[in-house]
Amino acid sequence: MKNNGQLTVPDKVTIPYIEGDGVGQEITPLMCRVVDAAVSAAYGDARKITWMEVLAGGKAYEQTGEWLPQATLDAFSTYLVGIKGPLMTPVGGGIRSLNVALRQTLDLYVCQRPVRYFKGVESPVKHPEWVDMCVFRENTEDIYAGIEWSAGSDEAQRFYRFVHEEMGVNKVRFPETSAFGVKPVSREGSERLVRSAIEYALSHGLPSVTLVHKGNIMKFTEGGFKQWGYALAEREFGEVLASGKLVIKDCICDAFLQNALLKPRDYSVIATLNLNGDYVSDMLAAQVGGIGIAPGANINYETGHAIFEATHGIAPDIAGQDVVNPCSILLSAVMMLDYMGWSEAGQLITDGIETLFGEGCATVDLARFMPHGRPVGTTEFGKKLIDIIYKG
C-alpha cells in the first residue's frame with residue numbers, strides 16, 4: 001500500500017488461496033487454471049501469479065489439528081490479496097464460523113457483493129437485466145460480532161440481572177428461558193463502510209448510494225448507522241452531493257426487499273449492516289439466477305487486505321460428482337483481478353462466461369432452466385472457458 005491508500009501490485013505476484021471443503025476441491029483448482037489462462041492471454045509473460053495454498057477448514061484440521069492455523073492468517077496478512085473456496089463450519093465449541101473469523105481477524109470490514117445479470121441465464125423475475133447493484137455489507141459488527149449467551153446459562157442469567165436490575169429493562173417476556181445477544185454498531189464502523197461505498201460509486205460513475213437499515217425499530221443501532229452515514233457523506237463528500245453527481249438516500253430494509261423486486265433500477269450501490277446485507281445479497285442473487293453465479297469479496301480498503309471467495313456453501317451432497325457450478329469463485333477471481341488492476345484478464349473471464357451462457361452451455365443447475373440448455377460437467381465447463389479465453 002502506498003501512503004495515499006493506493007494498492008501497488010508487481011507484475012509477478014504470490015496469491016495465497018484456501019482450496020476449501022466439499023466442492024471447494026473441484027472449483028478452486030479450476031479457478032486457478034482459468035485465471036492463469038486469462039493472465040497469460042491478456043499479458044503474455046509480462047505478468048504471472050504464483051499460487052500458494054494455505055490451509056483452513058476440514059483439510060486444515062486433518063493435517064494440523066487446527067481449523068484455522070496461524071500460518072494461514074500470516075500469509076493473508078503478508079500478501080494482502082487472497083482467495084478462498086467454501087469452508088465448513090466446525091461442529092461444537094471453538095470457532096463459530098471460519099469465514100467470520102477470517103473477516104474479524106484481518107478486519108475485512110467490507111463484504112462486497114456485486115450482482116448483475118448474464119444473458120442466457122433463466123431467472124424467476126421478468127426483467128433480471130434491470131438488476132445491477134453492488135452491496136457493501138458491514139462485515140465486523142452487528143450480531144455477527146458473536147456476543148451472545150445460550151438460554152439457561154449462567155452468563156445469560158447474569159446478563160439479564162444486569163439489564164433488569166441496573167438498566168431497568170422490563171421487556172424480556174420469558175427471562176428464565178431467553179437467550180441473549182448484543183448488537184454493537186459503532187460510528188467508526190459505519191463511517192468507514194459508507195465511505196468505501198461512496199468512493200466505489202464515484203470511481204465507477206454510479207448515480208447513488210442507498211443506506212439500507214431498520215432504524216425505524218432499532219433506533220440507536222440501525223438508526224445510528226443511517227445518521228452517521230448521512231453525516232459522513234455531507235462532511236466528506238459535500239461538494240459532490242451538491243453538484244448532483246451522486247445522490248445519498250436511505251430505505252427501510254423490508255421496504256428495500258420489496259423495491260428491489262418492483263423497481264430495481266432505482267438502486268446502484270447499497271450500504272448496509274451485517275445481517276441486512278446477508279439477506280439482501282442472497283435475495284438479489286436469486287433475481288439474476290442464483291448464488292451459484294454470485295461473487296464476493298471481503299476487503300479492508302485502508303490496509304489493502306482482501307480475501308475473495310465463493311459465496312455458496314460446501315455442498316457435500318454433490319461434492320466429487322463434477323456437477324458443481326464454478327462461476328461464483330470464477331467471478332470472485334474476476335473481482336480479485338480488478339482489485340489488482342489486472343482488469344483486462346478479468347474481462348476475458350467475464351466475456352467467456354457470458355459467451356457460454358449465451359450458447360446454453362452451463363452446469364446442470366443453470367442449464368436445466370435454459371430453453372436450449374446443454375449441461376456440462378464442472379471440468380468441461382472450465383475447459384471450454386479456457387478455450388474461449390485463448391481464442392480472445
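The rules behind each value
- Residues numbered from 1 in each chain as written.
- Predicted model: local features only at pLDDT ≥ 70, side-chain atom pairs only at ≥ 80, totals over all residues.
- Heavy atoms only, no water.
- Helix = DSSP H or I, 4+ residues; strand = E, 2+ residues; numbered from the N terminus.
- Rg over C-alpha atoms; globule rule 2.2 N^0.38 Å.
- Buried < 20%, exposed > 50% of the residue type's maximum accessible area, 1.4 Å probe, protein only.
- Contact = heavy atoms within 4.5 Å.
- Areas by Shrake-Rupley, 256 points an atom, 1.4 Å probe, with all protein chains shown as cover.
- Polar contact = N/O pair within 3.5 Å; in protein donor to acceptor, adjacent residues only side chain to side chain.
- Pairing = 2+ DSSP bridges.
- Axes fitted to C-alpha atoms, helices over the stretch in contact; angles between N-to-C directions.
- Parallel < 35°, antiparallel > 145°, perpendicular 65-115°, else oblique.
- Left-handed = near helix turned anticlockwise from the far one by under 90°.
- Nonpolar A, V, L, I, M, F, W, Y, C, P; charged D, E, K, R; others polar.
- Disulfide = S-S within 2.5 Å.
- Salt bridge = Lys/Arg side-chain N within 4 Å of Asp/Glu carboxyl O.
- Phe/Tyr/Trp six-rings, centres within 6.5 Å; stacked < 30°, edge-to-face > 60°.
- Lys NZ or Arg CZ within 6 Å of the ring centre and 35° of its normal.

A. Highlighting the overall build of the chain. Summing up its helical and strand segments, the chain has 13 helices and 14 strands in all. Against the globule reference of 21 Å for 392 residues, the chain gives a C-alpha radius of gyration of 22 Å, in line with a compact fold. Judged by the C-alpha coordinates and their principal axes, the chain covers about 70 × 55 × 50 Å. Expressed as a percentage of the 392 residues in the chain, the buried residues total 50%. Considering only intrachain contacts with a sequence separation of at least 6, the fraction spanning at least 24 residues in the chain is 75%. Surface summary for the chain: the accessible area is close to 18,100 Å², and the carbon and sulfur share equals 51%.

B. Looking closely at the side chain of Arg113. Checked against the element boundaries, Arg113 lands in strand E4 (residues 110-115). Engagement of the side chain of Arg113 in a polar contact is seen with the side chain of Ser281, the distance being 3.4 Å. At 3.3 Å, the side chain of Arg113 forms a polar contact with the backbone oxygen of Pro295. Ignoring anything within four residues of it in the chain, the contact list for Arg113 reads Met133, Cys134, Val135, Ser281, Asp282, Ile291, Ala294, Pro295, Gly296 and Thr311.

C. Structural context of the pairing of strand E5 (residues 133-138). The buried fraction of E5 amounts to six of the six residues, a majority that puts the element mostly inside the structure. What you see with E5 is no split at all: Met133, Val135 and Arg137 on one side and Cys134, Phe136 and Glu138 on the other are buried throughout. Across six bridges, E4 lies against E5 in antiparallel orientation. Paired with Gln112 across the two strands is Phe136, which belongs to E5. Sheet analysis places E5 next to strand E10 (residues 269-272), joined by four bridges and oriented parallel. Looking across to E10, one finds that Cys134 is bridged to Val269.

D. Up close: the packing of helix H1 (residues 24-43) against helix H10 (residues 327-340). Where H1 meets H10, the axes come as close as 9 Å, and the angle between the chain directions of the two elements is 45 degrees. As judged from the angle between their axes, H1 and H10 are oblique. Seen along the crossing, H1 lies across H10 with a hand that is right-handed. Between H1, through Ile27, Thr28, Leu30, Met31, Val34, Val35 and Val39, and H10, the contact on the second element is made entirely by Ile329, Leu330, Ala333 and Leu337. Across the contact of H1 with H10, the residue classes break down as ten nonpolar, one polar and no charged.

E. A look at the environment of Ile349. In this fold, Ile349 is placed in helix H11 (residues 343-358). A relative accessible area of 0% means that Ile349 is categorised as buried. Residues in contact with Ile349, not counting those within four places in the same chain, are Val34, Val35, Ala38, Leu330, Val334, Leu337, Leu385 and Ile389.

F. Looking closely at the state of the cysteines. If you walk through the whole model with that rule in mind, you get zero disulfides. The thiol sulfur of Cys111 is not disulfide-bonded, and the nearest other cysteine sulfur, from Cys134, lies at 9.7 Å. A residue is classified by how much of its surface remains accessible, and Cys111, at 2% relative accessible area, is buried. Unpaired in this structure, Cys251 has its nearest cysteine sulfur neighbour in Cys253, at a distance of 8.2 Å.

G. A look at the pattern of salt bridges. Under the criterion given, the structure shown has 18 salt bridges. With a shortest N-O distance of 2.8 Å, Lys214 and Asp254 are connected by a salt bridge. Here the residue Lys214 occupies a position in the loop between strand E8 (208-213) and helix H7 (222-243), and Asp254 occupies one in helix H8 (residues 253-262), the gap between them amounting to 40 residues. The structure contains a network of salt bridges with shared partners spanning Arg187, Glu188, Glu191 and Arg235.

H. Representation of the packing of aromatic side chains in the model. Per the counting criterion, the structure on display carries twelve aromatic pairs. When the centroid spacing of 5.3 Å and the interplanar angle of 50 degrees are considered together, the rings of Phe159 and Phe180 count as tilted. In this pair, Phe159 is assigned in helix H5 (residues 154-166) and Phe180 in strand E7 (residues 180-181), connecting sequence segments 21 residues apart. Site record: aromatic cluster; members linked through ring pairs are Trp149, Phe159, Tyr160 and Phe180. Across from the ring centre of Tyr43, 4.5 Å away, lies the NZ or CZ of Arg47, which sits over that ring. Of note, Arg137 hangs over the ring of Tyr144, and the distance from its end group to the ring centre comes to 5.0 Å.

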